Amino acid sequence: MKKVSRIWAILCCITMILQMFTVVSTVYASESTEVTYDLTTKVADVSTAYGDVSLASTAVTEITLQNSYSNDEPSDDSTVFIEGTQKVEPGEEFTLNVILNNFTEGIYAGDIILNYDDSLFEFKSYEPIGDPDKFFYIKHDQPGIVRIIFATEGIAINSGRAPLFNLNFISKDTVAGELGSFTIAKSDFGIMPGSLVYSASGTGIDILVEESWNAGDVNNDGVINTGDLAICTYYYQVSEGDLNWSLAKSSDVNNDGIINIVDLSFIAQLVV
Ligand SMILES: [Ca+2]
Ligand SMILES: [Ca+2]
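Cut-off values and rules
- Residues numbered from 1 in each chain as written.
- Chains lettered and ligands numbered in written order.
- Predicted model: local features only at pLDDT ≥ 70, side-chain atom pairs only at ≥ 80, totals over all residues.
- Helix = DSSP H or I, 4+ residues; strand = E, 2+ residues; numbered from the N terminus.
- Buried ≥ 20, exposed ≤ 12 C-beta atoms within 10 Å, placed from the backbone.
- Contact = placed C-beta atoms within 7 Å.
- Arc of directions from axis to C-beta.
- Axes fitted to C-alpha atoms, helices over the stretch in contact; angles between N-to-C directions.
- Parallel < 35°, antiparallel > 145°, perpendicular 65-115°, else oblique.
- Nonpolar A, V, L, I, M, F, W, Y, C, P; charged D, E, K, R; others polar.
- Pairing = 2+ DSSP bridges.

Engineer: Please give an account of the overall build of the chain that cites residues and values.
Structural biologist: Scanning the chain from N- to C-terminus turns up 4 helices and 12 strands. Here the chain holds 272 residues, and the buried ones make up 33% of them. By sequence separation, contacts in the chain at least 24 residues apart represent 65% of the contacts at least 6 residues apart.

So this is what it looks like as structure tokens:
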């Protein structure tokens, strides 16, 4: 009888979660176009922008571009930013997204140097994302520095928000409880007409390699509760390969590459 009651309680939780999913989806759909990041905050708290769902595991830095080479300044709020997860497990693969934002000028080429803490992380690969198609040249001949040079195939990047590429890393499984940095040492973007170069540099994000990870504690705050359920629900049906997988994957408690009812029911059973 006790077991039947427990199953009934789990089913009730799942029903509530799916109802919550509908509400959260509506909130996201109505507010997603208004999401902004605090340019002065290294790790942005975007929970307000996303309604009641906390995305505290997101690390974001956004850098305003300057023109160091002439007096022609970029349009207001032209920025480049990188985002990724705030915490990883030892030996875990993760992704940083590099994105241009608020450009009205035409960008045809870029040259970005990212420094990373090679005592904690290894660079694995890159993935082109977004439009237009781009040609890439990657230079990674010494640990801790990866350089990405890209050029479009004759089409300007001048949309509001333009994802450029993802960088895939893995944390070393020999370290734990340490914080490592990812810093944009240089980022130049070539503009036409005018052959201008706009630049940003000198900031980045920190990512923690955790001591340990408790499956179900999605936001890793030490307790499994409805906050974890909300995050799992928020990323419902997100799967490996999606652009926001690096943010969603901590909800994938059975590690099968998709956030679905299996993960929700697992977490629901552990809610205290
Ligand atoms: Ca939690
Ligand atoms: Ca799963």
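Engineer: Which residues make up helix α4 (residues 261-270), and what are the values?
Structural biologist: When we look at burial in α4, the residues that qualify are D263, L264, I267 and A268. The buried residues of α4 all sit within an arc of 135° when viewed along its axis, so they share a single face.

Engineer: Describe the packing of helix α2 (residues 226-234) against α4, listing the residues and the values that go with them.
Structural biologist: Contact geometry for α2 and α4: axes closest at 10 Å, N-to-C directions at 175°. In terms of orientation, α2 lies roughly antiparallel with respect to α4. Here D228, L229, C232 and T233 of α2 come into contact with α4, specifically with D263, L264, I267 and A268. In terms of residue class, the contact of α2 with α4 is made up of 5 nonpolar, 1 polar and 2 charged.

Engineer: Just give me the short version of the pairing of strand β7 (residues 134-142), but keep the residues and values in it.
Structural biologist: Along β7, only 0 of the 9 residues are buried, which leaves the element largely exposed. Alignment of β7 against strand β8 (residues 145-152), held across 7 bridges, turns out to be antiparallel. Looking at β8, one finds that K134 is bridged to T152. Count of turn residues in the β7/β8 antiparallel hairpin: 2 residues, of which G144 carries a positive phi of about 95°.

Engineer: Would you mind going over unusual backbone geometry in detail, with residue names and values included?
Structural biologist: Backbone torsion omega between D131 and P132 reads 0°, so that peptide bond is classified as cis. A cis amide bond links M192 with the next residue in sequence, P193, at an omega value of 0°. Residue position: P193 is located in the loop between β10 (178-191) and β11 (196-200). Positive phi, normally seen in glycine, also occurs at N220, with a value near 55°. Position of N220 relative to the elements: it lies in the loop between β12 (203-209) and α2. For N220, a count of 18 C-beta atoms within 10 Å puts it in the partly exposed group. Of note in the backbone geometry, Q237 takes a positive phi value of approximately 75° without being a glycine. Here Q237 shows up in the loop between α2 and α3 (245-248). Q237 gets classed as exposed once you count the C-beta atoms within 10 Å, which come to 11.

Engineer: Give me α2: which residues, what numbers.
Structural biologist: Of all 9 residues that make up α2, 7 are buried, and the element is covered over most of its length. Regarding α2, the residues found buried are D228, L229, A230, I231, C232, T233 and Y234.

Engineer: Which residues make up the pairing of strand β5 (residues 107-116), and what values do they have?
Structural biologist: One ladder, built from 9 bridges, connects β5 with β10; its direction is antiparallel. Among the inter-strand pairings, I107 is bridged to a residue of β10, identified as I191. Bridge count for β5 against β8 is 7 bridges, and the pairing is antiparallel. For G110, the partnering residue across the bridge sits in β8 and is F150.

Engineer: Tell me about the environment of V88, and name the residues and values.
Structural biologist: By secondary structure assignment, the location of V88 is in strand β3 (residues 87-88). With 25 C-beta atoms counted inside 10 Å, the residue V88 sits in the buried group. Along the backbone, V88 and I207 are 119 residues apart, and their C-alpha atoms lie at a distance of 7.2 Å. Residues within four places of V88 in sequence aside, it is in contact with F94, S171, I207, V209 and E210.

Nothing here speaks to function; it is all geometry.
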